[in-house]
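Structure at a glance
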Amino acid sequence: MSVLRDAGSAPGRMTLRLPGDLEAAVSASLEEWRAQGKVRRLWARDASLWTGADEGRWMGWLDLPGDLPARLARLTALAREVEAEGFTHALVLGMGGSSLCPEVMRETFGRFPGRPDLMVLDSTDPAQVGSFERRIDPARTLFIVSSKSGSTLEPNIFKEYFLERVRRTAGRPDAGRQFIAITDPGSPLQRIAERDGFRGVFFGLPSVGGRYSALSDFGMVPAAAQGVDLARFLERADRMARACAAGVPPAENPGVVLGAVLGVLGRAGRDKVTLVTSPGIGDFGAWLEQLLAESTGKNGTGLIPVDREPLGPPEVYGGDRLFVYVRLETAPDAAQDARLEAIGDAGQPVVRIPLADPYDLGGEFFRWEIATAVAGSILGINPFDQPDVEAGKIAARQLTAEYEARGSLPAEEPMLREGEVALFADEANARALAAAAGGDRSLRGYLRAHVGRLRAGDYLALLAYLEASPPHEEALQALRLAVRDARRVATCLGFGPRFLHSTGQVYKGGPNSGVFLQITCDDAADRAIPGRRYTFGVVKAAQARGDFTVLAERGRRALRVHLGTGVLAGLAALRAAMVGVLA
């Protein structure tokens with residue numbers, strides 16, 4: 001029987017609907033946090049609350065809401081300067097923690113009158129790069145190069161590409177005046193910005209990791225350029241920080257309550273955190289996805305965020321789900337309400353978080369950061385490192401370096417070629433799939449073998465190194481839902497390479513409960529990168545191969561489907577084969 005109760009204090013009140021045993025376990029965890037003074041220890045940056053490593057060095061995000069007055073003046077000045085210059089677009093060139101908050105702001109608030117249209121490029125897919133280039137006038141665009149370390153590959157090659165475009169199309173020697181950098185002090189990007197005459201450099205805090213940086217300049221500089229009312233936005237963040245403060249009892253603390261639910265239910269096997277957001281704040285799930293996956297997915301444990309999976313009837317869900325519904329009270333979706341009511345009636349745990357208006361996202365960024373830190377403590381991991389993300393970067397760098405030296409990537413031999421579709425796998429996965437396929441060594445036979453590896457409590461992840469276009473998204477959504485409904489497993493969908501800086505951590509470092517279908521293609525048209533032998537298409541291919549290599553090294557169940565140049569036709573063939581398998 002489910003227990004329904006309100007939790008937390010205003011602001012930040014939420015409704016918990018949990019089965020009785022889980023409600024009791026959450027209450028016991030909150031009592032432990034009270035008895036042991038753990039909220040105060042969190043605010044004191046006590047690393048022993050987690051693993052006793054360097055956690056205390058990465059908690060500068062706790063101070064960001066209180067730094068509002070000092071930061072607001074400079075952000076407001078930037079907003080006025082951008083408006084006065086008459087820029088038509090502001091294009092963020094970033095990846096992961098430096099791009100996801102700006103994307104949420106763009107998708108939530110849209111374009112303000114008299115302000116530039118904020119856009120975010122976080123893909124090395126050549127078609128995606130070309131799509132953004134066609135939508136802007138380089139001579140009237142403000143480019144925001146965003147990288148905490150200043151050495152991340154993607155922002156740097158984006159900068160080289162568009163700086164050359166501004167120089168060529170605008171014919172101005174001071175093209176750097178159309179660029180702003182956001183980076184940590186002393187980084188390589190700061191030096192590049194100073195050398196190339198950038199309009200300005202905004203600094204992150206060394207004590208704030210990328211996925212916790214939404215309320216820092218990494219999130220707020222693009223929002224200022226966009227025209228968001230930052231005083232109003234950051235005031236909501238400050239109110240939430242006060243509600244989550246060290247002196248607030250755990251059972252009344254909205255961040256701690258949410259974190260206890262995430263951590264306790266995760267340990268109980270309900271680790272598929274299914275994110276449901278009202279359409280008006282729909283992109284918030286992408287930011288949550290990175291925060292949860294990259295923070296908790298390590299040492300064989302972790303929370304698997306499930307974003308953008310359309311709601312289904314109760315019978316398609318297993319016992320590994322936790323539903324979190326972030327509901328925009330001014331624009332709710334009646335269908336979502338009805339679906340979640342039915343899901344809760346069926347005994348699934350549901351957390352409901354109401355937002356008065358989109359500006360409440362300022363508070364939600366902070367609440368969820370607290371909650372993730374609390375969940376990390378309960379799970380027994382360090383929520384501020386990302387040990388497995390770097391492994392994929394190293395593998396990709398080795399491949400791009402080989403291309404620079406030789407002019408080609410290492411040759412590959414498919415395990416199957418059927419029409420325009422080819423299948424690839426490492427030796428261990430190829431052997432296991434061949435044995436399971438038996439005499440049916442066809443696309444359908446191998447897909448049947450691969451999907452057959454799904455067990456109760458597992459999840460399917462589609463890793464699509466394709467242009468993130470609406471037609472591709474629609475085809476992939478249909479594919480994931482077919483598997484979910486037939487196998488009653490959670491499904492994830494990510495476009496590469498952006499998910500590498502997000503869910504890539506939990507896929508490689510979290511529980512070995514994922515079955516991965518990587519989807520790649522040949523690029524119909526590639527794009528050169530100034531000063532490099534390799535192209536955007538080569539970088540994407542290297543990232544996909546590096547990703548698959550690390551999945552295989554971690555013993556993950558993985559198969560790669562290569563579609564050739566006809567991506568939509570290839571996706572249709574893939575879906576038809578999958579539907580045949582699932583029938």
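Being a predicted model, the structure only gives us computed values, none of them experimental. (Residues numbered from 1 in each chain as written. Predicted model: local features only at pLDDT ≥ 70, side-chain atom pairs only at ≥ 80, totals over all residues. Heavy atoms only, no water.)

1. Considering the overall build of the chain
Helix and strand counts for the chain stand at 20 helices and 17 strands. For 583 residues, the compact-globule formula gives about 25 Å, and the C-alpha radius of gyration of the chain, at 23 Å, lands near that figure. Oriented by its inertia axes, the alpha-carbon framework of the chain measures out at about 65 × 60 × 45 Å. Within the chain, contacts between residues at least 6 apart in sequence are counted, and of these 77% link residues at least 24 apart. (Helix = DSSP H or I, 4+ residues; strand = E, 2+ residues; numbered from the N terminus. Rg over C-alpha atoms; globule rule 2.2 N^0.38 Å. Contact = heavy atoms within 4.5 Å.)

2. Here we look at the side chain of Glu154
Within the secondary structure, Glu154 sits in helix α6 (residues 153-170). A polar contact is formed between the side chain of Glu154 and the side chain of His501, at a distance of 3.2 Å. Within polar-contact distance, the side chain of Glu154 engages the side chain of Gln543 at 2.7 Å. Dropping the residues within four chain positions of it, Glu154 is found in contact with Met95, Thr124, Pro497, His501 and Gln543. (Polar contact = N/O pair within 3.5 Å; in protein donor to acceptor, adjacent residues only side chain to side chain.)

3. Let's talk about the pairing of strand β15 (residues 490-495)
Taking burial as the measure, the six residues of β15 include six buried ones, the bulk of the element. Where strand β14 (residues 459-464) lies against β15, six bridges are found, and the strand directions are parallel. Bridge pairing in β15 links Leu463 to Gly494. In this fold, β14 hands off to helix α17 (residues 470-487), which returns the chain to β15; that crossover is right-handed. (Buried < 20%, exposed > 50% of the residue type's maximum accessible area, 1.4 Å probe, protein only. Pairing = 2+ DSSP bridges. Right-handed = clockwise from strand over helix to strand, strands pointing away.)

4. Let's talk about the nonpolar core
Residues Leu42, Trp61, Phe233, Leu262, Trp287, Phe365 and Trp368 are the most contacted members of the largest nonpolar core, which totals 93 residues. Ranked by residue count, the leading element in this core is helix α13 (residues 361-379), at eleven residues. Phe365 has contacts with Cys101, Val104, Met105, Ala214, Leu215, Phe233, Phe284 and Trp287, leaving out every residue within four places of it along the chain. Core analysis: the next-biggest nonpolar cluster, separate from the first, contains 36 residues, Val421, Leu433, Ala437 and Cys521 among them. (Core = buried A, V, L, I, M, F, W, Y, C linked by side-chain atoms within 4.5 Å.)

5. With respect to empty space enclosed by the protein
On inspection of all chains with the given rule, the structure shows one cavity of 30 Å³ or more. If you add up the space inside the largest cavity, you get close to 30 Å³. A breakdown of the residues in the lining of the largest cavity according to their chemical character gives one nonpolar, three polar and two charged. (1 Å grid on protein atoms, 1.4 Å probe; cavity = no way out; pocket = protein on both sides within 12 Å on 5 of 7 lines; lining within 4 Å. Points joined across faces, edges and corners; volume = space filled by probe spheres on them. Nonpolar A, V, L, I, M, F, W, Y, C, P; charged D, E, K, R; others polar.)

6. Side note on the environment of Ala544
Relative to the elements of secondary structure, Ala544 occurs in helix α19 (residues 536-553). Judged by its relative accessible area of 5%, Ala544 is buried. With 158 residues separating them in the primary sequence, Ala544 and Gln386 have C-alpha atoms 19 Å apart. For Ala544, the contacting residues outside a window of four places in its chain are Tyr465, Gln518 and Thr520.

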